[in-house]
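Structural characterization, general
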Amino acid sequence: MAKKNKRPPGGWQDWLTDRLLRAAIWGALRLPLRARLWLMGRLVRHLLAPLAGYRKRAMDNLAHIWPDMPEAKRRRIADLVADNAGRTMIDNYDPEGLMARMETAPITGAGVAEIEKARAEGRPVLFVTGHFGNFEAPRAALVARGYRIGGLYRPMANPFFNAHYAANMHALSDPVFEQGRRGTMGLIRHIRGGGMGVLLFDVYDSAGVPIDFMGQPAPTLTSAADIAIKTGALLVPFFGIRKPDGISFEAVFEAPVPHGDPAEMMREVTRRLEAQIRAHPEQWFWIHRRWKPRRQRKRAAAKMGP
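Computed from a predicted model, the values in this text were never measured in an experiment.

Let's shift gears to the sheet that holds strand β5 (residues 196–200). Pairing is mixed in the open sheet, where seven strands are placed in the order β1-β9-β8-β2-β5-β3-β4. Only two strands of the sheet have a single neighbouring strand rather than two, namely β1 (107–108) and β4 (176–178). Taken together, the five bridges between strand β2 (residues 125–129) and β5 define a ladder with parallel strand orientation. Opposite T129, over in β5, you have L200 as the bridge partner. Helix α10 (residues 223–231) contacts β2, β5 and β8 (234–242) of the sheet and is inclined by roughly 170° relative to β2.

Dropping the structure here:
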């Protein structure tokens, strides 16, 4: 029996979803900052996350990592994750406002002096981070201080939403490249020429090497380390930590990861992200299918053979 084809992207459902999201974003951006962030946080937390299954997915991931955690605590973290996701989305749909806020935000960490030195010498820098806090906040802090930092983004499945999502990415700082072979080559050329760029590494990819993440194996691409080695760039982990007020951030730039074996470099990057997650578990995007344990078991069994 033939499998039923998935609904192709670009249909009326995608169009309607995009229109609803555009309306929500448009309306939220007309509110004062505090009200805007509160509204989008509550909208995602109480409406979108339960309806789309994001709360359950986050709770399942938390149980995968911390099986002894009480259900009530998992639910609270999952709700706070959704709240942060809503705030982050509307943060990033106001790039000029975000840069203005980050212009005076504290920039800390052992990597700050290294970044300033690299800029003065024209040495390339590749920043690496995860879906934690607001991952655009540190980039905005540097752009507000005169830096030019490129990026690589994963296009949205909804082509209508992706059109303005991509345009918004460009509004913060160019050059921005769409994920894929051509985009990766564009980012490499930008960095090789002495530029700076950002990569997010904490997504599942079956082509990745098995690296334990929060105590469980998670296939991880070594792209960031490979590019840093190839271009001679500093590999600097950074994190935009949302403060308890839900509005402001601290931008932390950690010491560069020494060049060496790409897998070992990514293990070190992973350890840096893990430390932030343990300190602020509600700020990592537990909604991601980061581990996919069933798929990993099936792939392992297939390699073993009959």
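Turning our attention to the packing of aromatic side chains. Applying the stated criterion across every chain, the model contains 10 aromatic pairs. Note on W66 and W286: the rings are 5.4 Å apart at their centroids and 50° apart in plane angle, and the pair reads as tilted. Remark: W286 occurs in the loop between α11 (262–279) and α12 (293–304) and W66 occurs in the loop between α3 (54–65) and α4 (71–92); sequence separation between them is 220 residues. In this structure W286 comes out as buried when scored by relative accessible area, which is 0%. Between F127 and F238 the ring centres are 5.3 Å apart and the planes differ by 35°, which places this aromatic pair in the tilted class.

The rules behind these values
Residues numbered from 1 in each chain as written. Predicted model: local features only at pLDDT ≥ 70, side-chain atom pairs only at ≥ 80, totals over all residues. Heavy atoms only, no water. Pairing = 2+ DSSP bridges. Helix = DSSP H or I, 4+ residues; strand = E, 2+ residues; numbered from the N terminus. Contact = heavy atoms within 4.5 Å. Axes fitted to C-alpha atoms, helices over the stretch in contact; angles between N-to-C directions. Phe/Tyr/Trp six-rings, centres within 6.5 Å; stacked < 30°, edge-to-face > 60°. Buried < 20%, exposed > 50% of the residue type's maximum accessible area, 1.4 Å probe, protein only.

Treat this as a map of the structure, not an account of what it does.
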